[in-house]
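Below are the chains, spelled out letter by letter.
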Amino acid sequence: MVSWILKKILGSKNQREIKRLQPVVRAINAFDEQLKALSDDDLRAKTAAWNAELTKIEDPDALARRLEEILPEAFAVVKNAARRLTERNQAFTVCDQPMTWNMVHFDVQLIGGIVLHRGRIAEMATGEGKTLVATLPLYLNALAGRGAHLVTVNDYLARRDAEWMGQLYTFLGLTTGVIQHDQPPDLRREQYACDITYGTNSEFGFDYLRDNGMATTREQQVQRGYHFAIVDEVDSILIDEARTPLIISGPATVSTHQYDRLKPLVDQLVKKQNMLCNRLASEAKEAFDKNDLDEGGRLMFKVKLGQPRNKQLLRMMEDPDKRKAIDKAELSFYQDTRKEELFALKEELFFTMDEKSHEADLSEQGRAFLNPDDPDSFVLPDLINEFTEIDLNRTLSDEEKDRMKAERQEHCDKQAEQIHNISQLLRAYCLFEKDVAYVVEENKVVIVDEYTGRKMPGRRWSDGLHQAVEAKEGVQIDRETQTLATITIQNYFRLYHKLAGMTGTAETEANEFHDIYKLDVAVIPTNRPVARADANDRIYKTRREKYNAVISEIKERHAAAQPVLVGTVSVEASELLSRMLKREKIPHNVLNAKYHMQEAEIVSRAGQAGTVTISTNMAGRGTDIKLGPGVPDKGGLYVIGTERHESRRIDRQLRGRCARQGDPGATRFYVSFEDDLMRNFGAADRMTKIMERFGLEEGQELEHRWLNRSVETAQKRVEQRNYLARKRTLDFDDVMNNQREVVYTYRNEVIDSEDPHKLVYEVIDEAVPAKVREYLGTGAPTEEPNHPGLLHWVNTTFPLGLTKERAQFETRTPDENGQFLIEKIKEAYQRKSSHEEPTAVKSLERYIILNAIDRLWQEHLYAMDALREGVYLRGYAQKDPLIEYKTEAYEMFVDLMANIKNEVLNNLFRSTSNLQAFEKFLSTLPQFLMREQAPPGAGPTPGRRPERIGPAVSDNGDSNGEAEVKLELSPIRREMPKVGRNEPCPCGSGKKYKNCCGRLA
Ligand SMILES: Nc1ncnc2c1ncn2[C@@H]1O[C@H](COP(=O)(O)OP(=O)(O)OP(=O)(O)O)[C@@H](O)[C@H]1O
Ligand SMILES: [Mg+2]
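None of these values were measured; they are calculated from a predicted model.

Participant: So what exactly am I meant to see when it comes to helix α30 (residues 787–797) here?
Facilitator: Because the α-helix completes a turn every 3.6 residues, residues three or four places apart line up on one side. In terms of burial, α30 is largely enclosed, as ten of its eleven residues are buried. Residues His787, Gly789, Leu790, Leu791, His792, Trp793, Val794, Asn795, Thr796 and Thr797 constitute the buried set of α30. Measuring from the backbone nitrogen of glycine 789 back to the side-chain oxygen at the start of α30 gives 2.8 Å, which picks out asparagine 786 as the cap.

As structure tokens, this is what we get:
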């Protein structure tokens, strides 16, 4: 009753609105009359004139007002063109089929067009000609010169509609494009450059992701903004697909393979080390027993270096005397004068492990153990020296030299990767204890929060550490592939300045469209009265009985040569019915929405006498079913639903397949108590009672309009539940969406920047003081400044060659130190850049930032995914997962932005625009370092192997002024995203990648 009243009110409101559009329709038709007098060229001239005028209007509001003003005449121009095409029987081909133009817009279609132009959803029944309706607002909005998009559900429909409606646009002097799945970027760009572009939602969405998340130059981007889009079958796209995001994934950046391979080796290495440390601890115990505190302390310090969590060590640390002895040994070894001794001490172990900085460092012994044949494979090669040697070799041609250098570079990359993996494994083994730092549950490593002891399902350690722990525990190592970019369809469509939609069924979901997309639904009356007869549902006890009844009804109709369309909710049900029909020897077609073009072809013939077609609900959607000769007299197309869908909308969609444009037609649904909907949503109970009262026998059915209503009540309940689920998904997605917008905006700023130099300096200005604060605090007296740590960081990140004496950190406040370093770094950077081509430097600068953004953003996406999964489990702890998710996602995002800046700093001096320039820079490096250095000769002389074996395996921050020369020269290409061999080289040389930096990659 209530719903009936509501419907009355809503209906009448809708009717009032439609009525209000009547004057506009009259105006359009009046213009149309006048336009008849014009020549084709004069008609076409309207397009050019409007186009010239509208492209100049910048202000969106002014543009909207002007479009609204010219709407009646512009719509009339389109309608008039359609009439001209009809009058001359314009022939053309669509998807290789010959066709003739035979449509002039009906008045209801004009109304639909106005509704679409105003950014709303037009509900127009199947067969009302929505394809043609869209031409009106597409033409009008395309006049502004900013593109207008029409979004379809599959590639076939995109092409069909573009080729079909293209007749009209071409006649009027506008260009039409169509995006298809297999098009290369250049072709896509051309399609987007057209006035009107047809394509599927996923192609549009993926192009967005590629443009904003992956392209590194303007030229690589294909889209040109999001001005106006009409989404066809809008319910299917914004509601049914609301839970499936578009994802571009790629191979994982961390090769899990290496972990698998290296794990057994590291496993043994750790065992050996533990044995060694246990022996040392026993020796120490004996020494302590003999009261030899120095010896005991020395031995235990060694244990501490090798196995910080050694049980005996932990016990001894509880004894004040022993603890003092150990601390004393540690202090004395860190004195400058004992460096050599400390080094020797470390070399007696297989590796050393610093608990505070979480860093591991392999010794010579350790390296020899891991790779007895080639202990050097764990040391980064001395590229400077190797390049010099290659250059001095007169027997080599320039090409050979380049090739060899690239080879060495690649070798260096591989080594760096391996070193990194090993160091992560060592950390996993030595510093991360099972059931303390993490637990293993359901074949997954779950982090335990060190402060609260709370499990953090879904959180992952970064930089490959999590995989290392997974390898250690022998559980599935995640991240075989990783998400490179992702967006939900809805969020893609929210990008449009103006969005509209059309479908045969939107009314039942009007609330959702309004709440989530701010799209209002207008129900457009049909061109002719609907002559469809919807029969009451037939209800059975079991599925078997239901299907039997369906088959006998098909048999009956088929015998009378009436065409039958059978709708199913699943492929499985389609196949079952097909088998049953085969047994009855009834010829039929089965459609599963897989081969759009062929299926469209089959569906288009579903109205011919005697055909039987079985179809899932998406199959053949958008294809017109015309009745064959004699069929109207047989009652038109008969539609059977074999199950009520969870959503009333889908049922309406199926019913709508018949009785188009005033044709006759009938529909009926078959339902059983075993159907999911009936079992799960309570309708069955009530009905069983009714059935029992009626004393239902095997094979008998129930049929009454009250029963229909019970079914619909169940459907409404499910609809509500699904709506909440979708809304929730969106709430979660919004968090990510905001982050994506920030990152993509920054990314595009980098791509567009004429002066990326400024962006680099911005990063320095922000990130350096942050780092300084990390080491020195804010200068408050309670804080302990870590000057050596800062110096170490500076010297391993920038080629400044700072010594303790020159740095004089103690004499300044943290802020002053920040400024001091900023100046030094900029100066050094200037010097580096001066060795390179100015244009190449620009590309490189863009590249460094983009690289950092992309790598870390992708890692972030992965972590966000995990967080999202994990956060649900926390719901049990009486916490709202959404709030938890938002809070943590925010923290992660803040970290991400900081990490991006740090990564840019890290790569500033480790990347170069090309190998030659890199080499040039390297060759100046030693002198440069020398100059900056206090004690001459302490710098790396060519030929000396760097002591350190890579960033992640670096020794701890105990540097004391002599760490200045430890600039690590990491590989160039390692940091770069994969570049296609035929793509332009990222170094900006203008050559193809394969002919430039990627010659050997
Ligand atoms: N104004 C018109 N005059 C004559 N025929 C028309 C007119 N408009 C549309 N048609 C015809 O109506 C049929 C259905 O059109 P169309 O496929 O665009 O409908 P639709 O509303 O998109 O239906 P669906 O919901 O199935 O997608 C087509 O054969 C088309 O040629
Ligand atoms: Mg359609």
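Participant: Could you clarify how one ought to interpret the site of ligand 1 in this entry?
Facilitator: Residues in contact with ligand 1 amount to 19 residues; listed here are only the nearest, Val104, Gln109, Lys130, Thr131 and Asp624. Here the shell around ligand 1 is composed, by residue class, of six nonpolar, seven polar and six charged.

Participant: Looking at this structure, how should I read the sheet that holds strand β15 (residues 498–503)?
Facilitator: Each strand in a sheet pairs with its neighbour through backbone hydrogen bonds, running either in the same direction (parallel) or in the opposite one (antiparallel). Read across the open sheet, the seven strands follow the order β5-β6-β4-β7-β15-β3-β16; overall the sheet is parallel. A single partner strand is all that each edge strand has here, and the edge strands are β5 (176–178) and β16 (521–523). Taking each pair of neighbouring strands and ignoring which way they run, the sheet shows an average axis angle of 20°. Pairing geometry for strand β4 (residues 148–152) and strand β7 (residues 228–232), over three bridges, is parallel. Among the inter-strand pairings, valine 151 is bridged to a residue of β7, identified as valine 231.

Participant: Whenever I open this one, the nonpolar core confuses me. Can you help?
Facilitator: Counting 160 residues, the largest nonpolar core has Trp101, Leu138, Tyr198, Phe493, Phe513 and Leu821 as its most contacted members. Discounting residues that sit within four places of it in the chain, phenylalanine 513 has contacts with Ile121, Val234, Asp235, Leu238, Ile239, Ala506, Lys518, Leu519 and Val521.

Participant: What exactly am I supposed to notice about the packing of helix α9 (residues 201–214) against helix α28 (residues 705–752) here?
Facilitator: What describes two packed helices is the angle between their axes and the distance between those same axes. At their nearest, the axes of α9 and α28 sit 8 Å apart, and the two run at 65° to each other. Of α28, the residues touching α9 (which contributes Tyr208, Leu209, Asp211, Asn212, Gly213 and Met214) are Tyr744, Arg747 and Asn748.

Participant: Any chance you could explain the pairing of strand β23 (residues 664–672) here in plain terms?
Facilitator: For a regular strand, side-chain orientation follows a simple rule: the groups alternate between the two sheet faces. Among the nine residues of β23, eight are classified as buried, and the element is accordingly described as predominantly covered. In the sheet, strand β17 (residues 531–534) pairs with β23 via four bridges, with the strands oriented parallel. The residue bridging alanine 531 from the neighbouring strand is proline 664, located in β23. Sheet analysis places strand β18 (residues 538–540) next to β23, joined by three bridges and oriented parallel.

Participant: Where do I start with the pattern of salt bridges in this structure?
Facilitator: Should their charged atoms come close, side chains of opposite charge can pair. For the structure shown, the criterion picks out 61 salt bridges. With a closest N to O distance of 2.9 Å, aspartate 534 and arginine 532 form a salt bridge. For arginine 532, a relative accessible area of 29% gives the class partly exposed. Between aspartate 675 and lysine 546 there is a salt bridge, with the nearest N and O atoms lying 2.9 Å from each other. Of this pair, aspartate 675 sits in the loop between β23 and α26 (676–680) while lysine 546 sits in helix α22 (residues 543–559); the two residues are 129 residues apart in sequence, bridging distant segments of the chain. Just as aspartate 675 is buried, lysine 546 falls in that class too. Because the salt bridges share partners, they merge into one network encompassing Arg538, Glu553, Arg557, Arg668 and Glu703.

Participant: Would you explain the packing of aromatic side chains in this entry?
Facilitator: How two aromatic rings sit relative to each other is given by the distance of their centres and the angle of their planes. With the rule as written, the count across this model stands at 18 aromatic pairs. Arranged with centres 5.5 Å apart and planes meeting at 85°, the rings of tyrosine 492 and tyrosine 496 form a pair that is edge-to-face. Under the relative-accessibility criterion, tyrosine 496 is labelled buried at 6%. Aromatic ring contacts, followed pair by pair, group Tyr208, Tyr226, Tyr492, Phe493, Tyr496, Tyr744 and Trp857 into a single cluster. When the ring centre of tyrosine 638 is taken as reference, the NZ or CZ atom of arginine 557 above it lies at 3.7 Å.

Participant: What is the right way to read empty space enclosed by the protein from this model?
Facilitator: Empty space among the atoms becomes visible once a probe the size of a water molecule is rolled across them. A full pass over the atoms with the stated rule returns six cavities of 30 Å³ or more. Its boundaries defined by the atoms lining it, the largest cavity holds a volume of some 90 Å³. If you go around the largest cavity, the residues you meet are Gly567, Thr568, Val569, Asn617, Gly641, Thr642, Glu643, His645, Ile650, Asp651, Leu654 and Phe669. Of all the secondary structure elements, the ones that give two or more residues to the lining of the largest cavity are β19 (564–568) and α25 (648–655). Partitioning the lining of the largest cavity into residue classes produces four nonpolar, six polar and two charged.

Participant: Explain the environment of leucine 702 here, please?
Facilitator: Among the structural elements, leucine 702 can be located in the loop between α27 (683–694) and α28. Assessed through its relative accessible area of 8%, leucine 702 is described here as buried.

So, how was this worked out
- Residues numbered from 1 in each chain as written.
- Chains lettered and ligands numbered in written order.
- Predicted model: local features only at pLDDT ≥ 70, side-chain atom pairs only at ≥ 80, totals over all residues.
- Heavy atoms only, no water.
- Buried < 20%, exposed > 50% of the residue type's maximum accessible area, 1.4 Å probe, protein only.
- Helix = DSSP H or I, 4+ residues; strand = E, 2+ residues; numbered from the N terminus.
- Polar contact = N/O pair within 3.5 Å; in protein donor to acceptor, adjacent residues only side chain to side chain.
- Near = heavy atom within 4 Å.
- Nonpolar A, V, L, I, M, F, W, Y, C, P; charged D, E, K, R; others polar.
- Pairing = 2+ DSSP bridges.
- Axes fitted to C-alpha atoms, helices over the stretch in contact; angles between N-to-C directions.
- Core = buried A, V, L, I, M, F, W, Y, C linked by side-chain atoms within 4.5 Å.
- Contact = heavy atoms within 4.5 Å.
- Salt bridge = Lys/Arg side-chain N within 4 Å of Asp/Glu carboxyl O.
- Phe/Tyr/Trp six-rings, centres within 6.5 Å; stacked < 30°, edge-to-face > 60°.
- Lys NZ or Arg CZ within 6 Å of the ring centre and 35° of its normal.
- 1 Å grid on protein atoms, 1.4 Å probe; cavity = no way out; pocket = protein on both sides within 12 Å on 5 of 7 lines; lining within 4 Å.
- Points joined across faces, edges and corners; volume = space filled by probe spheres on them.

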